[in-house]
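The primary structure of each chain is shown beneath.
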Amino acid sequence: MKAVPILRTPRCIMNGIEKRDIPFLYQIFNDQLTKKYLPEMSELINEEEKVQHMVASFDSYLKVDEGVLWAVRIADCLIGFIAVMDISDNPTIIYAMHPNSRMHGYMKESVSCVIDYLFNHQICHCLQTEVYEENDASINILLKNKFHIVKRDRNKIFLKRCF
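Residues numbered from 1 in each chain as written. Predicted model: local features only at pLDDT ≥ 70, side-chain atom pairs only at ≥ 80, totals over all residues. Heavy atoms only, no water.

Draft legend 1. Geometry of the overall build of the protein. Counting its regular elements, the protein contains six helices and eight strands. Going from N to C terminus, the protein has its helices and strands arranged as β-β-α-α-α-α-β-β-β-α-β-α-β-β. For 163 residues, the compact-globule estimate of 2.2 N^0.38 gives 15 Å, and the C-alpha radius of gyration of the protein, at 15 Å, lies within 12% of that figure. Over its C-alpha atoms, taken along the principal directions, the protein stretches across nearly 40 × 35 × 30 Å. Evaluated residue by residue, the protein yields a buried proportion of 47% over its 163 residues. Accessible surface computed for the protein: about 8,800 Å², of which carbon and sulfur atoms make up 50%. Between the centroid of the 20 positive side chains of the protein and the centroid of its 21 negative side chains there is a distance of 5 Å. (Helix = DSSP H or I, 4+ residues; strand = E, 2+ residues; numbered from the N terminus. Rg over C-alpha atoms; globule rule 2.2 N^0.38 Å. Buried < 20%, exposed > 50% of the residue type's maximum accessible area, 1.4 Å probe, protein only. Areas by Shrake-Rupley, 256 points an atom, 1.4 Å probe, with all protein chains shown as cover. Lys, Arg positive; Asp, Glu negative; His and termini not counted. Charge placed at Lys NZ, Arg CZ, Asp CG, Glu CD.)

Have a look at this one:
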């Protein structure tokens with residue numbers, strides 16, 4: 001992939017992150033639930049400049065077919081992101097939604113669309129992720145998208161989906 005594929009659901013568009021999205025992405029990473037459920041990323045991405053660095057990293061991953069960072073949008077407004085990384089050896093999906101857009105099903109349909117794209121275009125044959133066991137919303141999204149729990153470890157659940 002040399003460009004972020006544009007994907008569509010009935011309500012959302014997924015495309016590349018733009019410079020104007022950086023402040024909104026920073027709001028997502030600075031949100032309390034994001035800090036709780038993606039603490040490793042939130043600690044690393046704790047200012048707008050570091051958000052820009054993350055986006056640039058994914059631009060580099062895209063050029064070598066190792067990762068994609070999608071903006072999730074309603075119309076032209078960024079409401080979240082989905083990232084897939086380590087595509088060649090350990091494909092992993094992560095995502096987060098802006099607090100104002102949670103609990104409307106946007107992420108469930110967007111994750112489903114990304115998974116369909118990845119598998120239909122044979123970009124990868126398995127996807128994995130890890131989720132804090134108290135993050136019921138994310139666990140439900142993954143289970144509804146046919147992920148299976150493969151392991152539990154302390155306070156995390158490890159999930160995987162293969163074709």
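Draft legend 2. Here's a closer look at the packing of aromatic side chains. One pass over the structure, following the stated rule, counts four aromatic pairs. An angle of 80° between the planes, with centres 6.3 Å apart, marks the rings of Trp 70 and Tyr 117 as edge-to-face. With Trp 70 in strand 3 (residues 67–74) and Tyr 117 in helix 5 (residues 106–120), this pair connects stretches of sequence that are 47 residues apart. Trp 70 gets classed as buried once you look at its relative accessible area, which sits at 0%. Residue class for Tyr 117 comes out buried when judged on its relative accessible area of 15%. Here the basic side chain of Lys 151 rests over the ring of Phe 158, its NZ or CZ set 4.9 Å away from the ring centre. (Phe/Tyr/Trp six-rings, centres within 6.5 Å; stacked < 30°, edge-to-face > 60°. Lys NZ or Arg CZ within 6 Å of the ring centre and 35° of its normal.)

Draft legend 3. Spatial organisation of the state of the cysteines. A complete count under the given rule lists one disulfide for this structure. Cys 126 shares a disulfide with Cys 162; S-S distance 1.9 Å. On the sign convention where negative means left-handed, the S-S torsion of about 115° between Cys 126 and Cys 162 marks this disulfide as right-handed. Linking Cys 126 in strand 6 (residues 126–132) with Cys 162 in strand 8 (residues 156–162), this pair joins segments that are 36 residues apart in sequence. Not engaged in a disulfide, the cysteine Cys 77 finds its nearest cysteine sulfur in Cys 12; these two sulfurs lie 11 Å apart. Free cysteine Cys 113: the closest other cysteine sulfur is in Cys 12, separated by 9.0 Å. (Disulfide = S-S within 2.5 Å.)

Draft legend 4. Representation of the pattern of salt bridges in the model. Per the counting criterion, the structure on display carries eight salt bridges. The partner of Arg 73 in a salt bridge is Asp 21, and the shortest N-O contact between them spans 2.5 Å. Of this pair, Arg 73 sits in strand 3 while Asp 21 sits in the loop between strand 2 (13–15) and helix 1 (22–30), and the two are 52 residues apart along the sequence. According to the relative accessible area criterion, Arg 73 is buried, its value standing at 1%. (Salt bridge = Lys/Arg side-chain N within 4 Å of Asp/Glu carboxyl O.)

Draft legend 5. Broad picture of the nonpolar core. Trp 70, Ile 82, Ile 93, Val 114 and Leu 127 are the most contacted members of the largest nonpolar core, which has 32 residues in total. By residue number, the principal contributor to this core is helix 5, which donates nine residues. Residues Ile 45, Val 55, Phe 58 and Ala 96 belong to the second largest nonpolar core, which totals 19 residues. (Core = buried A, V, L, I, M, F, W, Y, C linked by side-chain atoms within 4.5 Å.)

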